[in-house]
Amino acid sequence: MDLVVANATVIDGSGSPGVPGWVGVEGDRIAGVGRGDPPAAARTIDGRGLVVAPGFVDVHNHSDLSPFVLPTMPSTVRQGVTSIVVGNCGSSPFPLSSWDEGLSLAYAAPGDRPRPTWAAWGDYLDAIDEARPAVNVATLVGHGSVRREVLGDARRPPSDDELARMRTLVREAVADGAVGLSTGLIYVPGIHADTDEVIALARAAAGAGGLYASHIRGEGRDLFRAVDEALAIGAAAELPVHVSHLKCETSLVWGRADELLARLVDAPDATGDQYPYEAWNSSLSSLLPPWAPAERVAEIAAEDPERLRAAVETGEPDFQSSVEGVGWDGIMLETAPEARWRGRSVAAVGTERGIDPFDAMVELLTADPEISCIGHAMAPDDVRAIVADPGVFVASDASATAPDGPGGDLPVHPRSYGTFPRALALARDEGLLPMEAMIRKMTSLPADRFGLTGRGRIESGAFADLVVFDAETIRDPATYEEPHVFPEGLVAVVVNGEVAWSDGSPSIACAGRALRRA
């Protein structure tokens, strides 16, 4: 055989108890799984005292353009992830209207990479194959990107002709291999879409065999109304629903994780994912109501400051505040016009400037509408209750980065490096789930849900995506203050039969490929 992981505890991703044995690889496939003496191989990894599991599947990732900016994707592959799903939160790099947004998510400046000439979704997938990233990449088509392509950032419903064009873009993308449609209903331009518009596009995705994944319209005060909207879209469009990054955000809904989980269990065909942290990461402009675009925030604040302040700090009937129940001191800047403000709260910037936090937000967005921030808004008990649900997938909601690469100078969210090791350590140290159940929700469950055929299991004939780790020591040492730290306890990661990374090696081999919906 080409590769054997020998003398390990094999946890196959099905949820079944781990067993001592070996896993053999020929080419890009698992050629055998057995007990006893392992077969001879060109390369053997000694798994004595270690676990070998299917490579982790990250279904909510924002590395849409990382294959072209940072193809080695160190923060992703070195936490054991071998396949990702991008195009989340309504944003995808095709149609090309969101190209600059995609570069920003990959920590590249607009213009750093030439805008391609892709004419179809399949061209994007072909380009991923050609770029040869470190991990496999499956894609969702973003509703916001489709809307922007047809309507720009217009704050109105589409005409019948415009809606037909949008439906065609979605249908063609899923037919070309996208795994479904995503929405980001707190972001421009998705925030301007009504439910009927999303249903129409979800039907287009359903007709081609895709699912519907949503960053819902609210995760705090409006959490349950927003979940119900997502479920209603799935029911009306007759396709599976996936709710992104489940959380009870702000003190207004703390303690209601069980109620949130019950909503999905009671639905006919719904799943969700979670990053196991108590802070979110988003754009500072997401704090603005739909009638206040970031590019005009100074003008709007001058014209009607009290209305804008009230909307941002306490919300409106159809707009949830992300500040209420958190406070300005819980909103930390990831990027900022001045480097000294990175990692500091909006409240602290206001204090330094001698103004209140709302006015500081206006000044910051006026200087740079693309500022990103981290909000410390979730309660530990809710986070752990969701971690303990055996049906909720683990997902990073992150983009690939590296200490010495794009984004390496920013105070990124620690989930960029440690999501999957952190979930395993929480399950182990706090007795939240058996190891086999935790690995199942990192591997076979998300692979099946997103149509990643042949991934997520250790069995003969499956693709050889594997992770080898020490179950007793795996953990995430990254912090909000020092986020660019790789996890501990991982020994090797295999992607499509090739050892992508092994402990002690500074290099990463790139063997990933584009994954097309089966």
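Residues numbered from 1 in each chain as written. Predicted model: local features only at pLDDT ≥ 70, side-chain atom pairs only at ≥ 80, totals over all residues. Heavy atoms only, no water.

Caption draft 1: A look at the overall build of the protein. Within the protein, the secondary structure is distributed over 17 helices and 21 strands. Relative to the compact-globule value of 24 Å for 518 residues, the protein shows a C-alpha radius of gyration of 22 Å, a close match. Along the first, second and third principal axes, the C-alpha set of the protein runs to 75 × 50 × 45 Å. Per-residue burial over the protein gives 61% buried out of 518 residues. In the protein, the share of contacts with a sequence separation of at least 24, taken over all contacts with a separation of at least 6, comes to 75%. Across the protein, the 42 positively charged side chains and the 75 negatively charged ones have centroids separated by 2 Å. (Helix = DSSP H or I, 4+ residues; strand = E, 2+ residues; numbered from the N terminus. Rg over C-alpha atoms; globule rule 2.2 N^0.38 Å. Buried < 20%, exposed > 50% of the residue type's maximum accessible area, 1.4 Å probe, protein only. Contact = heavy atoms within 4.5 Å. Lys, Arg positive; Asp, Glu negative; His and termini not counted. Charge placed at Lys NZ, Arg CZ, Asp CG, Glu CD.)

Caption draft 2: Quick peek at the sheet that holds strand β15 (residues 331-333). Within the open sheet, the three strands sit side by side as β14-β16-β15. Their pairing is antiparallel. With partners counted over all chains shown, the strands left at the sheet margins are β14 (279-283) and β15, one partner each. For this sheet, the mean angle separating the axes of adjacent strands, direction not counted, is 30°. The pairing of β14 with strand β16 (residues 372-376) spans five bridges and is antiparallel. (Pairing = 2+ DSSP bridges. Axes fitted to C-alpha atoms, helices over the stretch in contact; angles between N-to-C directions.)

Caption draft 3: The packing of aromatic side chains, seen in detail. Enumeration according to the criterion identifies eight aromatic pairs in this entry. Ring geometry for Phe56 against Phe469: centres 6.4 Å apart, planes inclined by 55°, an arrangement best described as tilted. In this pair, Phe56 sits in strand β6 (residues 56-58) while Phe469 sits in strand β18 (residues 466-469), placing the two residues 413 residues apart along the sequence. Judged on exposure class, the residue Phe56 and its partner Phe469 are both buried. Between the aromatic rings of Trp118 and Tyr124, the centroid separation amounts to 5.1 Å while the plane-to-plane angle is 35°, which identifies the pairing as tilted. Across the pair, exposure class does not vary: Trp118 and Tyr124 are buried alike. Each residue in the set Phe68, Phe94, Trp99, Trp118, Trp121 and Tyr124 is aromatic and connected to the rest through ring pairs, giving one cluster. The ring of Tyr275 carries Arg415 above its face, with NZ or CZ at 4.4 Å from the centroid. (Phe/Tyr/Trp six-rings, centres within 6.5 Å; stacked < 30°, edge-to-face > 60°. Lys NZ or Arg CZ within 6 Å of the ring centre and 35° of its normal.)

Caption draft 4: View of the side chain of Ser91. On the secondary structure map, Ser91 appears in the loop between β7 (81-86) and α3 (99-105). At 2.4 Å, the side chain of Ser91 forms a polar contact with the side chain of Glu101. Apart from residues no more than four positions distant in its own chain, Ser91 is found in contact with Asp64, Ser98, Glu101, Leu105, Gly142, Ser145 and Ser182. (Polar contact = N/O pair within 3.5 Å; in protein donor to acceptor, adjacent residues only side chain to side chain.)

Caption draft 5: The arrangement of the sheet that holds strand β12 (residues 241-243) in detail. Spatial ordering of the open sheet is given by β9-β10-β11-β12-β13-β17, a layout of six strands whose pairing is parallel. Each of the sheet's edge strands pairs with one partner strand only, and the pair in question is β9 (141-142) and β17 (393-394). Inspection of the sheet shows β9 paired to strand β10 (residues 180-184) by two bridges, in the parallel sense. Each bridged residue has a counterpart across the sheet, and for Val141 the counterpart in β10 is Leu181.

Caption draft 6: Representation of the side chain of Asn88. Within the secondary structure layout, Asn88 lies in the loop between β7 and α3. At a separation of 3.3 Å, a polar atom in the side chain of Asn88 contacts the main-chain carbonyl oxygen of Asn61. Excluding its chain neighbours within four sequence positions, the residues that come into contact with Asn88 are Val59, His60, Asn61, His62, Leu140, Ser182 and Ser244.

Caption draft 7: Fine view of unusual backbone geometry. For the bond running from Phe94 to Pro95, omega is 0°, close enough to zero to count as cis. In this structure, Pro189 follows Val188 across a cis peptide bond, with omega equal to 5°. Positionally, Pro189 belongs in the loop between β10 and α7 (195-207). Of note, the phi angle at Asn7 is positive, near 60°, even though the residue is not glycine. Following the sequence through the fold, Asn7 ends up in strand β1 (residues 3-10).

Caption draft 8: Representation of the nonpolar core in the model. Core analysis: the biggest nonpolar cluster contains 131 residues, and Leu284, Leu308, Met361 and Phe469 have the highest contact counts within it. By residue number, the principal contributor to this core is helix α8 (residues 223-237), which donates eight residues. When neighbours within four sequence positions are excluded, Leu284 is seen to be in contact with Ile331, Leu333, Val346, Met361, Leu364, Leu365, Ile371, Ser372 and Cys373. Counting residues in hydrophobic clusters, the runner-up holds 18 residues, among them Ala8, Val23, Leu466 and Ala492. (Core = buried A, V, L, I, M, F, W, Y, C linked by side-chain atoms within 4.5 Å.)

Any functional reading would require information that these geometric values do not contain.
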